[in-house]
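# Chains, contacts and geometry: an overview
Chain by chain, the residues:
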Amino acid sequence: MKVWAGPIFVLVMLIAALWFLHLELKKYSLEEFKNGLLAIPGWKLFLAVLFTLLNYAILVCYDWLGIWYIRHPMKFGRVALASFLGYSVGNNFGLLFGGSTIRYRLYSTWGLSAAEIVTLLFILAITFWIGLFALSGLVFLIFPLEIPDAINLPMSNTRPLGILLTTLAVGYLLASYFGKPIRIGKKENPKTPSIKSIPFVASLPNCVLTTSNFIKLLYYLIILILSHLLLPPKVK
């Protein structure tokens, strides 16, 4: 039964995803959908599909780094499946059918312990925020947005916020380089991320958190490209 648990779970989640997609789209007619789709130039649709595929490929590598960090000999195909389902369902349906739930179910079926799954989810969560801080900080520094007077903040634009976010992201990188290994009780955790342990980019046994930040940064850049390609001019 354990052999079939994973595929059955995937099938159930796929049906649930299709059902919620139906609920979201039923407010629109087929004619509205066709007109909206035809209003987008063909080359933009092609690039959008291409960047979407690239984005999910990047996110698979992101999960794979997490598996590499906890040093579990899982096959890449399983990691790719868990990553794709986790991100596709989580990005579209949020917390109700979040990626963490899917990952826990699949990874536990494939042999990861509860502690390893929690560690993996922690890596995904912290690098999400560090990547967000890095990209947002750079955008706010280079292209500061004016803050409306109605908000009543002690700054006229987002540049000070960009300085704060960039400082947090850079501070994390410095901490991962100069920081000491984490101690749990009397034992030292050998898996503490450290940039100093990188002999070259393709070998990341102890610094996955840092590398994942750049993956997340690239992920957000592709999201911005997709938004520019598909959103109408008045929204952009």
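Now for a quick tour of the structure. Quantities reported herein were computed from a predicted structural model and do not represent experimental measurements. (Residues numbered from 1 in each chain as written. Predicted model: local features only at pLDDT ≥ 70, side-chain atom pairs only at ≥ 80, totals over all residues. Heavy atoms only, no water.)

## Some details on the overall build of the protein
Keep this limit in mind: A run of DSSP states H or I qualifies as a helix once it reaches four residues; a run of E qualifies as a strand once it reaches two. Both are numbered from the N-terminal end. The buried label goes to any residue with under 20% of its type's maximum accessible area, the exposed label to any with over 50%, and the partly exposed label to all in between, with areas taken from a 1.4 Å probe on protein chains only. For the area figures, the Shrake-Rupley method with a 1.4 Å probe applies, and any residue is considered shielded solely by the protein chains shown.
Helix and strand counts for the protein stand at eight helices and two strands. Each helix (α) and strand (β) of the protein, taken in turn from the N terminus, gives the series α-α-α-α-α-α-α-β-β-α. Counting only residues that meet the buried cut, the protein has 35% of its 236 residues in that class. When the accessible surface of the protein is summed, it comes to about 15,000 Å², and 73% of that surface belongs to carbon and sulfur atoms.

## Some details on the pattern of salt bridges
We apply this condition: Between Lys or Arg on one side and Asp or Glu on the other, a salt bridge is scored when a side-chain nitrogen of the former is within 4 Å of a carboxyl oxygen of the latter.
A full pass over the atoms with the stated rule returns one salt bridge. Between aspartate 63 and arginine 103 there is a salt bridge, with its nearest N and O atoms 3.1 Å apart. With aspartate 63 in helix α3 (residues 42–69) and arginine 103 in helix α5 (residues 99–109), this pair connects stretches of sequence that are 40 residues apart. Assigned by exposure class, aspartate 63 and arginine 103 land together as buried.

## Describing a nonpolar patch on the surface
Here is the rule we go by: Nonpolar side chains (Val, Leu, Ile, Met, Phe, Trp, Tyr) within 5 Å and like charges within 9 Å form the patches, drawn only from residues with over 30% relative accessible area and no salt bridge.
Together, Leu11, Leu14, Ile15, Leu18, Leu21, Leu25 and Tyr28 make up an exposed nonpolar region whose accessible area comes to about 700 Å². Mapping isoleucine 15 onto the fold places it in helix α1 (residues 2–25).

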